[in-house]
Structures are given as structure tokens and as C-alpha cells.
Amino acid sequence: TLLDPLPDLPQIGGVLPGGSLVMEGPGIGGQQVVVAAHDVDGIGLDWRIVAEVDRDEALASLIQLGRRMLVLVAIGTAVGVGLGWLIARSVTRPLARLGQAMERVAAKEFDAPVTETGRADEFGALARILDGFRTELAASEAAARALEQTRIDQAEAVDSLGRGLRRLAEGD
């Protein structure tokens, strides 16, 4: 009943005079409980007010909150990984295309256009610079070929003139 003496439990004996206690431990019935106890002093009685709540019931909302937080962390992690992957792709793909364009320019394949020149970001700026190099190198190569052809033509003309002069000198 209400005023029956209580067993000697830590939550009852552990409350200091005029103090309070909140703990987890065995309840009056032996099950695991969360206990709040308070010493009632001031009217000459040696009383303690003890409130017990089943541990699972008391912690249910915390457990539920923990599960929700775990789900939110998992979702946040998945979103973060997805965004990181998208951002990484937005950097690596244009860099790969610029690298391929540089390889074509290095191989003197000047007719292949440089992609990414229409972009308004740093990749576009690099692509436009590379396209300028490609155009200048193509013009330089064409000028070098034309100069070489002129040199060959001049050498042939001098050789032909020399042969003609020799024949003329020989009376031919």
C-alpha cells in the first residue's frame, strides 16, 4: 500500500537530507527503472518521495530521437556524397576534354577544334587560350611549310639555271 515501508534500495537510501536524486537502477518490483527521489524534510518526518518509470518507457522518446537522427545523418551523408560526386564530375570532365585538346595540339592536329571555348568560367578561359595557341601554331606551321617549299623551289631553280649555264658554256 501507499504507506508500507519500502525495501532498502539505492534510490531511497542515497538521497541526502534535503536533496534529490535521479538515477537508473532496479525498481521496487525488481525491473529496470528510471528513478527520481526527493527527501522531504522540515516537518520532522523521515520521508522520501520516489517516482519510478519503466526504463524502456522513459527512454523510448530518446531512442526514437536517436533513430531519427541516424536516418537524417544517413540521408545527409548520401546527399553530401552525391553532391561531391557531381561537383567532382563538373571539374574532371572539362579538364579531361581540355587535356585531350592539348594532346591533339601537341600532335600537330590543328584541324581538331578545342571544346569548352563557349564556357564563361575558368575552363572556358583556358580553352580560348588553347584555341588561340592552336590557331597560331597552325599558321606558323603553314608558314614554315610555305618557306620550305619556297626554299625547295629556289634550290630547283638555281640547280636548273646552273645546268643550263653549264650546257651553254659547253656550247650546247
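Use the structure listed above.
It should be emphasised that the depicted structure is a prediction, and the values quoted were computed from it without experimental measurement. (Residues numbered from 1 in each chain as written. Predicted model: local features only at pLDDT ≥ 70, side-chain atom pairs only at ≥ 80, totals over all residues. Heavy atoms only, no water.)

Draft legend 1. Examining the overall build of the protein more closely. Of the regular secondary structure elements, the protein holds three helices and three strands. In terms of overall dimensions, the protein is more spread out than a globule: its C-alpha atoms have a radius of gyration of 46 Å, far above the 16 Å expected for 172 residues. C-alpha extents for the protein along the principal axes are approximately 155 × 25 × 25 Å. Of all intrachain contacts in the protein linking residues separated by at least 6 positions in sequence, the fraction that spans at least 24 positions is 27%. (Helix = DSSP H or I, 4+ residues; strand = E, 2+ residues; numbered from the N terminus. Rg over C-alpha atoms; globule rule 2.2 N^0.38 Å. Contact = heavy atoms within 4.5 Å.)

Draft legend 2. Region of interest: the side chain of Glu116. Relative to the elements of secondary structure, Glu116 occurs in the loop between helix H2 (55-106) and helix H3 (122-169). Among the residues examined, Glu116 registers a relative accessible area of 14% and is labelled buried. Excluding residues that lie within four positions of it along the chain, Glu116 makes contacts with Pro94, Arg97, Phe123, Gly124 and Ala127. (Buried < 20%, exposed > 50% of the residue type's maximum accessible area, 1.4 Å probe, protein only.)

Draft legend 3. Fine view of the nonpolar core. By size, the foremost hydrophobic cluster in this structure holds eight residues: Leu98, Ala101, Val105, Phe110, Val114, Phe123, Ala127 and Leu130. For this core, the elements supplying multiple residues, two or more each, are H2 and H3. What Phe123 contacts, discounting residues up to four positions off in sequence, is Ser90, Val91, Pro94, Leu95, Leu98 and Glu116. (Core = buried A, V, L, I, M, F, W, Y, C linked by side-chain atoms within 4.5 Å.)

Draft legend 4. Up close: H3. With 48 residues, H3 should cover 70 Å at 1.5 Å per step; its first-to-last C-alpha distance of 69 Å lies within 8% of that length. Those residues of H3 that are buried are in contact with H2. With a side-chain oxygen lying 3.2 Å from the backbone nitrogen of Phe123, the N-terminal cap of H3 falls on Asp121. Phi turns positive one or two residues past the end of H3, at Gly171, with a value near 85°. (Expected span 1.5 Å × (residues − 1). Polar contact = N/O pair within 3.5 Å; in protein donor to acceptor, adjacent residues only side chain to side chain.)

Draft legend 5. Quick peek at the pattern of salt bridges. Overall, the coordinates contain nine salt bridges when judged by the stated rule. For the salt bridge of Arg97 with Glu116, the shortest nitrogen-to-oxygen distance reads 2.3 Å. Of this pair, Arg97 sits in helix H2 while Glu116 is found in the loop between H2 and H3, placing the two residues 19 residues apart along the sequence. According to the relative accessible area criterion, Arg97 is partly exposed, its value standing at 32%. Two residues, Asp121 and Arg119, come together in a salt bridge whose shortest N-O distance is 2.5 Å. Judged by its relative accessible area of 25%, Asp121 is partly exposed. We classify Arg119 as partly exposed; its relative accessible area is 27%. (Salt bridge = Lys/Arg side-chain N within 4 Å of Asp/Glu carboxyl O.)

Draft legend 6. How the structure looks around H2. Here H2 spans 74 Å end to end across 52 residues, near enough to the 76 Å set by a 1.5 Å rise per residue. Ser61 marks the point of greatest bend in H2, at about 40°. What H2 keeps buried is the set Pro94, Leu98, Ala101 and Val105. (Bend = angle between axes of the 7 residues up to and from the residue.)

Draft legend 7. Inspection of unusual backbone geometry at higher detail. Positive phi is not limited to glycine here, since Lys108 has a value of about 65°. Along the chain, Lys108 falls in the loop between H2 and H3. The backbone of Glu116 shows a phi angle near 75°, a positive value even though the residue is not glycine.

Draft legend 8. Geometry of the environment of Val158. For Val158, the location among the structural elements is in helix H3. Along the primary structure Val158 and Pro94 are separated by 64 residues, whereas in three dimensions their C-alpha atoms are 53 Å apart.

Draft legend 9. Highlighting the side chain of Arg134. Its place among the elements puts Arg134 in helix H3. Within the local environment of Arg134, its side chain forms a polar contact with the backbone oxygen of Phe110, the two atoms lying 2.5 Å apart. In this view, Arg134 contacts Val105, Phe110, Ala112 and Val114; residues no more than four positions away in its chain are not counted.

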